[in-house]
Amino acid sequence: MTKVEAIIQVSKLEAVKDALHEVGVEGMTVFEARGHGRQKGHTEFYRGREYTVDLIPKVKLEIVLADEMVEKVVQAITAAARTGKIGDGKIFLSRIDEAIRIRNDERGESVL
Amino acid sequence: MTTVATVRSELQDLYGRESAAIEQEFSVTGDGRAALARRTALVDGIVQRLWNEIIVSSHPASTDSGSKPADGDGPKDFALVATGGFGRGWLFPHSDIDLLFLHAGGNSESEFKDPIRRFSQELWDLRMKLSPATRNLAECERLDPNNVEFAISLLDCRYLAGDRELFTRLREKAIPRLVSRDCQNLIQNLAEITRARHHKFGNTVFHLEPNVKDGPGGLRDYNVANWLALISAMEKLKVWPDEKTLLPVSSRRAFDAALDFQMSVRCFLHFRHGRHDNTLFWEAQDEAAARKIGASIGANDAEITNTADWMRVYFGHVLSVHRVCNQLLEEIPAAWSSLYRQFQGWRSKVASADFSVVDGLIFLQQPGGLRDPEMLLRLFHFMAEHGLKLSTTTEYKVEQALPALAATPPRGAELWLYLQETLVQPHAADALRAMNALRLLALLLPELKGIEALVVRDFYHRYTVDEHSFLAIEHLHRLKESKSEWDQRFAELQSELEQPELLYLALLLHDSGKGVPGENHVEVSMQLTDSCAERLDLDPVDRETVRYLVANHLEMSAAMRRDIFDPANVKLFAERVGVPERLKMLCLMTYADIKAVNPEAMTPWRADNLWQLYIACANFLSRSADERVHTGNKDDGSGGNLAHLRSLAPVAGKKINVFLEGLPQRYLRIHGASDVLAHAEMAARLGQDGVQLNLKQVRHWYELTLITTDRSFLFASVSGALAAWGMNIVKANAFSNAAGMVVDTFYFADRFRTLEMNLQEWERLKKSIAAVVKGEADVARMLRDRLKSEKGNVTKVKIATQIEFDDNCSAHSTLLQVLTQDRPGLLYRMCSLVSKHECNIEIALIETEGQMAIDVLYLTSGGAKLSADRQAALGRALREELAAR
């Protein structure tokens, strides 16, 4: 099993969700996030005051998948989230040892 | 097999068989009260049998001599007592069984330790959830501040087995003595625990998935009300009072019906969940509605056709319990700390000729007064203003007045006058809740009937639709007192609103369409808003504002899902909103709407995004004001406004075209259709009189519109003349069209009430302005006299001057933004200086926020943008001028 963590633009969340549903992903966890990579902050002046946003709003998705699904899911996310500009986000993959359904103690890929 | 083991086996069979039979009977009858009585009797029988087998048989006095204690079975000075819910005879299928092992004291505790352990063990083995306590009589008579719940549980004590005389001493002597001595502590503790519990549930009964036991208005509140009444009565009588006299008959009827209903619902939940879980989940609501659980109690079966109907019946019962419980918490003085009572005593000073205030409760000065609908509206306005609650008698009087009111409910401007004054008061949400609970709100505004106690299945929402709307209004009112960084930003916006009452009305109506299932709720809400605006006889411009807010209440949330830092997205959204005032309202509406979804919904992440979107759009609007209207083009740049105007006045089409040609689009966004048509009329009269003026009073200030031919120092001169009259300009707009005609509008406060006190001064002011515009009066001299008389005025907040030029935001002009300390004559001094530097004011957008003047001027010189040298020179001159007092 693999955990996919994708940090994407807020505006791309709906498109990514649709793309994931299309490739058969039914469940995901979404977090409100802030951060920046090479895309730096933003400053706006209002009524003589400076409002600086160092960390840009993003959303982070977490999905745990059976290994054979991973490539399809990565492609779905990149296709839906890409604008070609700085700030499109990143995808991280990591190994997962076990999954347990709390309701009935079921274990393994069938939990996903 | 030992005797006890045989008994255990027997009891296990009995308990299993009888429990199944109770469940079976409930599934047929749905009668919760009967199920609880039968289950209580079952458990009574089991514990009494075990008492005989374990306690009586193991005690030497019973077995050896055969002598029995004075009354009851088992050893003397030892008794088994049911307390809490078990004591009341309300043993729900999965509730704890509260038992008190009562002994007389001395060595008896150690003597009974082992039998008690064995007795308890047997009950646990029978899979009964036992909650045991062992106390002697003296301990029961003492209030343990760390365990007030135990003292409260004694109020429901019931004899089960053992020394009856000991039990009688507990009930007839120890408990009355405890209550008499510690009445104040008991009530205060009970009140504190109850308020903390209510707070945990957001102080509202209207949860989408309510807890039928602990939620406000739930079974626990029923008990709290009874305990409060019981303790108060026992403290006075020193003995147990007659339970039937504890609450007034009028409350008792609704209260008992609510109890029967809630007993059935909780019983249903325990059987359904198979555990002690009192949450009325959505699936359980569907099932309860389909089975019409408790439906025959206080409602007609035919009234319940779906889950929403059943939930309304549920909320009706819960509300009546909540009201009685809260009334007792308010009315029993001991329920409050002495400090609070002192505060409430101080608040009684707000009493008026119509209402008196005692301990924070409103009473009517003239009991028959509510026959006058105005008095009724004044009552809720009073409540909203002072944050007070209605007394029981006042609520009763309101209920009595409703049938007559229903025949001829107030409407039109009279109703709107009171409603708007109520909506802007700090405690408006509480007044609305009280009106809603008494069924007055839907009587006045039937558009809200559909969302009364309405449960809408939504993963994020926590409250019913009506409560969500009240909460949104409450959140806006609370902004002012909040310490949160986010709230303070939004509070600043709120304080700038010109007509906050329109925003509150829009919040009240924004989800009204949810009462019509299956439809797009925004569209239905708009229809209901139209109907409500008609009922309130709203001014057309106000009606349009409320309609706009309701129609677009989800739009800013949607815009936040796009890239809020992308200038194209900002432009798109800002242009759709069009006017800064609407942007402020929409931003606050979005904030309040999200925050009222559930306590966690407005995260700092969302609040920051909303604020960033707001300031980006606000900046865009002030920096894109000079896009022009071109009446001849297919895309005239008016966003459909021009076509609308032509349809309103078809014969005036040419006149309107001439007037509008070349005016900034901002002009059309700021002024409604009726204003534009009036301005076009004034423009057409310029041939007769070269200075057209219109002065009118609007809600918060006066509005002066000037239409004339553009000339140097014009804007500065009029600003100066108004300042010389002592008027405080809070807002101004200046626009010019292609033919060189200007439309300037000044909004000002009449600081010395000159116009209010002297009607003839209206004409004198207009003549004075006209004379200044025509160059017949010396504005500098007029202003000098005024400023001399105001020299001693001290400013409370120091605002540092900031001057900024921007050449990029307009294709034709240079934008000058000045933020500085507001002061009399400021606009005149600033604009005179601009004119002296040979700059023409194409557009002026003037605002005042507290003591800060925010002036945005679009300037040209010789028909072009300002050169760098001219900008530098003007900037220096402005800094010097504004640095001088």
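Residues numbered from 1 in each chain as written. Chains lettered and ligands numbered in written order. Predicted model: local features only at pLDDT ≥ 70, side-chain atom pairs only at ≥ 80, totals over all residues.

Topic: the overall build of chain B
Selection criterion: Only DSSP runs of H or I with at least four residues qualify as helices, and only runs of E with at least two residues qualify as strands; both kinds are numbered from the N terminus onward. Between the two quantities, the radius of gyration covers C-alpha atoms and the globule rule is 2.2 Å times the number of residues to the power 0.38. Counting other C-beta atoms within 10 Å of a residue's own tells you its class, since 20 or more makes it buried, 12 or fewer makes it exposed, and anything in between is partly exposed; those C-beta atoms are placed from the backbone.
Per the secondary structure count, chain B includes 37 helices and 15 strands. For 885 residues, the compact-globule estimate of 2.2 N^0.38 gives 29 Å, and chain B exceeds it by more than 25% at 36 Å. Principal-axis analysis of the C-alpha atoms places the extent of chain B at approximately 125 × 55 × 55 Å. Taken across its 885 residues, chain B has 45% of its residues classed as buried.

Concerning the overall build of chain A
The helix and strand inventory of chain A stands at 2 helices and 6 strands. Counted from the first residue to the last, chain A has its helices and strands arranged as β-α-β-β-β-β-α-β. Here chain A has a C-alpha radius of gyration of 17 Å; the compact-globule value for 112 residues is 13 Å, and the former is much larger. Across the 112 residues in chain A, those meeting the buried criterion constitute 19%.

Thoughts on the domain arrangement of chain B
Interface size is commonly expressed as the accessible surface area that is lost when the partners come together. Residues and elements named next belong to chain B. Our working rule: Segment limits for the domains were obtained from an automatic or database-derived domain assignment. Note on contacts: residues are paired as contacts if their backbone-placed C-beta atoms lie within 7 Å.
Domain boundaries assigned for chain B yield domain 1 (3–177), domain 2 (201–331) and domain 3 (676–883). A separation of 27 Å is found between the C-alpha centroids of domain 1 and domain 2. Between domain 1 and domain 2, the residue contacts involve 15 residues of the former and 18 residues of the latter. Broken down by secondary-structure element, the contributors of at least two residues to the side of domain 1 that touches domain 2 are α1 (3–29) and α2 (32–58). Top contributing element to the side of domain 1 that touches domain 2 by residue count: α2, with 4 residues.

Focus on the nonpolar core
Residue and element names in this part refer to chain B. So the rule is basically this: We define the nonpolar core as any set of buried residues of the types Ala, Val, Leu, Ile, Met, Phe, Trp, Tyr and Cys, connected via C-beta atoms lying within 7 Å of each other.
Grouped together as the largest cluster of nonpolar side chains are 181 residues, with contacts concentrated most on V81, M383, I473, A506 and C617. Lining this core are residues from two domains, each supplying at least three of them: domain 1 (3–177) and domain 2 (201–331). Residues within four places of C617 in sequence aside, it is in contact with V570, F573, A574, V577 and L583. Among the nonpolar cores identified, the runner-up in size contains 63 residues, and A683, V779, I841 and I846 belong to it.

With respect to the sheet that holds strand β7 (residues 389–390) of chain B
All names here are of chain B. Operational definition: A pair of strands is treated as paired once DSSP finds two or more bridges between them. Think of each axis as a best-fit line through the C-alpha atoms, taken over the contacting stretch in the case of a helix, with angles from 0 to 180 degrees between the N-to-C directions.
Here 3 strands make up an open sheet; going across it, the order is β5-β6-β7 and the pairing mixed. Two strands in the sheet have a free side with no partner beyond their single neighbour: β5 (355–358) and β7. Both strand β6 (residues 361–364) and β7 contribute to a ladder of 2 bridges, which runs parallel. Residue pairing in the sheet places L361 in a bridge with K389 of β7. On the sheet, helix α15 (residues 392–407) packs against β6 and β7 and is oriented at approximately 55° with respect to β6.

Looking at the interface of chain A and chain B
Quick note on the threshold: Gly counts as polar in this scheme, as do all residues outside two lists: the nonpolar Ala, Val, Leu, Ile, Met, Phe, Trp, Tyr, Cys and Pro, and the charged Asp, Glu, Lys and Arg.
Chain A puts 15 residues into the contact, and the matching count from chain B is 15 residues. Of all the elements in the fold, those that place two or more residues in the side of chain A that touches chain B are α1 (13–22), β2 (29–35), β3 (42–46) and β4 (49–53) of chain A. Sorting elements by how many residues they give to the side of chain A that touches chain B places β3 of chain A first, with 3 residues. Split into classes, the residues belonging to the side of chain A that touches chain B amount to 6 nonpolar, 4 polar and 5 charged.

Digging into the packing of helix α17 (residues 428–437) of chain B against helix α19 (residues 465–478) of chain B
Residue and element names in this part refer to chain B. Selection criterion: An angle counts as roughly parallel when it lies under 35 degrees, as roughly antiparallel when it exceeds 145, as roughly perpendicular when it falls between 65 and 115, and as oblique in every other case. For a crossing to be left-handed, the near helix must be turned anticlockwise from the far one by less than a right angle; the clockwise case is right-handed.
Look at α17 against α19: their axes get within 8 Å of each other, and the N-to-C directions meet at 160°. Between α17 and α19, the crossing angle belongs to the class labelled roughly antiparallel. Crossing of α17 over α19 shows right-handed handedness. Across the interface between the two elements, A428, A429, L432, R433 and N436 from α17 touch D466, F470, L471, I473, E474 and H477 from α19. In terms of residue class, the contact of α17 with α19 is made up of 6 nonpolar, 2 polar and 3 charged.

Overview of the environment of K514 of chain B
Residue and element names in this part refer to chain B. Note on placement: K514 falls in the loop between α21 (500–509) and α22 (521–536). Taking the C-beta count within 10 Å as the criterion, K514 has 23 such neighbours and is therefore assigned buried. Remark: the alpha-carbon pair of K514 and V524, spanning 10 residues in sequence, is separated by 7.7 Å. Residue contacts for K514: discarding those within four places in its chain leaves I451, L454, V456, V465 and H521.

A few points about helix α37 (residues 868–883) of chain B
Residues and elements named next belong to chain B. Filter applied, for reference: Here the expected length of a helix is defined as 1.5 Å per residue gap, with one fewer gap than residues. Working definition: the arc comes from the directions between the helix axis and the C-beta atoms, pointing outward to the latter.
Between its first and last C-alpha atoms α37 spans 22 Å; for 16 residues at 1.5 Å apiece the expected length is 22 Å, and the two agree. If you check which residues of α37 are buried, you get Q871, L874 and L878. Along α37, the residues classed as buried sweep out an arc of 70° about the axis, all on the same side. In α37, the exposed residues that point more than 90 degrees away from the buried face are D869, A872, R876, E880 and A883. Where α37 is buried, its residues contact β12 (802–806), β13 (814–821) and α36 (826–836).

Quick word on helix α20 (residues 485–495) of chain B
All names here are of chain B. For α20, the set of buried residues is D487, R489, F490 and Q494. Taken end-on, α20 shows its buried residues confined to a sector of 160°, consistent with a single buried face. Along α20, exposed side chains directed more than 90 degrees from the buried face belong to E485, Q488 and S495.

What to know about unusual backbone geometry
Residues and elements named next belong to chain B. Phi at K238 is positive, roughly 70°, even though this residue is not glycine. Following the sequence through the fold, K238 ends up in the loop between α9 (219–237) and α10 (249–273). Looking at K238, the number of C-beta atoms within 10 Å reads 10, which means it is exposed. One non-glycine residue, R439, lies in the positive phi region at around 65°. For R439, the location among the structural elements is in the loop between α17 and α18 (441–444).

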